[in-house]
Amino acid sequence: DIFVFLCPAGNSKNDYPPNVKVVPIKNDKGLTAKWLFIHQAKLRLLVRKFKPDLFFSVAVPAIYLPVSQALILPEVNFVNYTNSSNKQLSRIYKKKLPRFLNKARYVLVQSDTSKSTLLKNFDICTDRVTVMSPGIDGFVAVIDAADKERIKKRYADSNEYFVFRGATGPSSQVLNLLKAFSAFKKRQKSKMQLIIMDKHANENTEFIKSLESFRFKKDVKILTLLSDKEKHLLFASAYAAVYLEDQVEVGSPELYSMASGIPVITYQTPLNSEIFGDAVLYAASKNVTELAERMTKIYHDETMRKVLIDHGQCLAKKFTWNNTLSPICRILDDVQDAAAKNR
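Just so it is clear, the structure is predicted and the values come from calculations on it, not from any experiment. (Residues numbered from 1 in each chain as written. Predicted model: local features only at pLDDT ≥ 70, side-chain atom pairs only at ≥ 80, totals over all residues. Heavy atoms only, no water.)

With that out of the way, let us pick up the packing of helix 10 (residues 288-300) against helix 11 (residues 302-316). Contact pair helix 10 / helix 11: the axes reach a minimum separation of 5 Å and the direction vectors enclose 95°. When the interaxial angle is binned, helix 10 and helix 11 end up roughly perpendicular. Where helix 10 approaches helix 11, its residues K297, I298 and H300 are matched on the opposing element by E302, M304, R305 and L308. Tallied by class, the residues present in the contact of helix 10 with helix 11 amount to three nonpolar, one polar and three charged. (Axes fitted to C-alpha atoms, helices over the stretch in contact; angles between N-to-C directions. Helix = DSSP H or I, 4+ residues; strand = E, 2+ residues; numbered from the N terminus. Parallel < 35°, antiparallel > 145°, perpendicular 65-115°, else oblique. Contact = heavy atoms within 4.5 Å. Nonpolar A, V, L, I, M, F, W, Y, C, P; charged D, E, K, R; others polar.)

Given below as structure tokens:
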């Protein structure tokens, strides 16, 4: 059996196969040093209760767990937070990352460059670090013109739209996106709309307050309760997708958009550049002016947009879900063999 310890506990049990038991972990305090201490104490109790052979963690392992751990690092420089709400936690990560790495029996990173950076800067054996590239499963929505018009009519008043899927909380980049979209609208005076997908958007008061005073708020649609199928159809019908994260998710939404024939605008980071190459349009991280210019460029230059679509579809074919999961399968086989020998 597989136990999933969720924090926050927001996912439905129906999202997981029968052999997965969901164990909620309540978290009301956000990412702070106190939260980290309490969270790890809760994990110790859960591990003692369920007695797993392996504990997978993302970004930070629990230091004192009496069990083998596999650490997934979304980005080697994940400790370099810039928003003020995470400064305290950032200091903790910078101080304790070597200890975190030593505790993990397996370390998974997303690119060869990330692996090289990790080996260069930390005392860790090369055979403990494995590259787990992002990937996409078989369900990719590629729809015809008539279906696209139906989606645009339903969600965007029959207009073209940019789509953004991501967090809208205080530490997100969504406010920069609104500023860039505002600059785009002032220049183009088009009917282009912006669709933001975040199931927690209505809970983020700062974002909702900013949107109320936004000049082009009628052209911004907030969608919260969407099925996976609806999300895929929205991506596949968009004029372009915008992603403003400094790291790449394992199930990369950028790759889903590319596979669906939708061009992507994202931040220029070493990891993004290595994974996506020339298949996306880059803007400097947190640069509102440059982001607005990229939205304008993709709107005006249809030839460039077609090139991005072609390159993106070719790139997405290389990142299969089987390739993404193969390192995890090898780790699980290794752990299972070791457990069998000890019984």
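Having seen the structure, we can now continue with the description.
The next point concerns the sheet that holds strand 6 (residues 129-131). With parallel pairing, the four strands of this open sheet are ordered in space as 3-4-5-6. The open sheet has two edge strands with one neighbour each: strand 3 (54-58) and strand 6. Neighbour to neighbour, the strand axes of the sheet diverge by 20° on average, direction disregarded. Both strand 3 and strand 4 (residues 68-72) contribute to a ladder of five bridges, which runs parallel. Considered in strand 4, the bridge of S57 is made with L71. (Pairing = 2+ DSSP bridges.)

On to the nonpolar core, then. Where a protein is soluble and globular, its nonpolar side chains tend to be buried together. Core analysis: the biggest nonpolar cluster contains 33 residues, and Y161, V163, I195, M197, L234, M258 and F276 have the highest contact counts within it. At the level of elements, helix 4 (145-156), strand 7 (161-165), strand 8 (193-197), helix 7 (228-237), strand 10 (240-243), helix 8 (253-259), helix 9 (270-276) and helix 11 are the ones that each hand at least two residues to this core. Formed by 31 residues, the second largest nonpolar core is a distinct cluster that contains A201, F216, Y239 and A240. (Core = buried A, V, L, I, M, F, W, Y, C linked by side-chain atoms within 4.5 Å. Buried < 20%, exposed > 50% of the residue type's maximum accessible area, 1.4 Å probe, protein only.)

For the rest of this paragraph, the subject is unusual backbone geometry. For S158, which is not a glycine, the phi torsion comes out positive at approximately 70°. Looking at the secondary structure, you find S158 in the loop between helix 4 and strand 7. Its identity as a non-glycine residue notwithstanding, K286 has a phi of 65°, on the positive side. One can find K286 in the loop between strand 12 (281-284) and helix 10. Using a relative accessible area of 33% as the deciding quantity, one classes K286 as partly exposed.

Mapped onto the elements, S114 comes out in helix 3 (residues 112-121). For S114, a relative accessible area of 6% gives the class buried. With 41 residues separating them in the primary sequence, S114 and L73 have C-alpha atoms 9.2 Å apart.

End to end, helix 4 covers 15 Å across 12 residues, agreeing with the expected 16 Å (1.5 Å per residue, within 8%). Burial in helix 4 covers these residues: I151, K152, Y155 and A156. For helix 4, the angular spread of the buried residues around the axis is 100°, confining them to a single face. Within helix 4, the exposed residues directed more than 90 degrees away from the buried face are A146, K153 and R154. Contact partners of the buried residues in helix 4: strand 7, strand 8, strand 9 (220-223) and helix 7. A positive backbone phi angle near 55° is found at D157, which sits one or two residues after helix 4. (Expected span 1.5 Å × (residues − 1). Arc of directions from axis to C-beta.)

A word on the pattern of salt bridges. Where charged atoms from two side chains of opposite charge approach closely, those side chains can pair. Applying the stated criterion across every chain yields a total of 11 salt bridges. For D334, the salt bridge identified is with R105, shortest N-O distance 3.6 Å. Note that D334 is positioned in helix 12 (residues 321-342) and R105 in the loop between helix 2 (87-103) and strand 5 (106-109), a separation of 229 residues in sequence. For D334, a relative accessible area of 31% gives the class partly exposed. (Salt bridge = Lys/Arg side-chain N within 4 Å of Asp/Glu carboxyl O.)

With that out of the way, let us pick up the sheet that holds strand 8. One open sheet holds the six strands; their spatial order is 9-8-7-10-11-12, and the pairing between them is parallel. Of all strands in the sheet, those bounded by a partner on one side alone are strand 9 and strand 12. Within the sheet, the average angular offset between the axes of one strand and its neighbour, ignoring direction, is 25°. Strands in contact with helix 4 are strand 7, strand 8 and strand 9; relative to strand 8, the strand with the most contacts, it is inclined by about 80°. The sheet contacts of helix 5 (residues 174-188) involve strand 7, strand 8, strand 9, strand 10 and strand 11 (264-268), and relative to strand 8 the element is tilted by about 170°.

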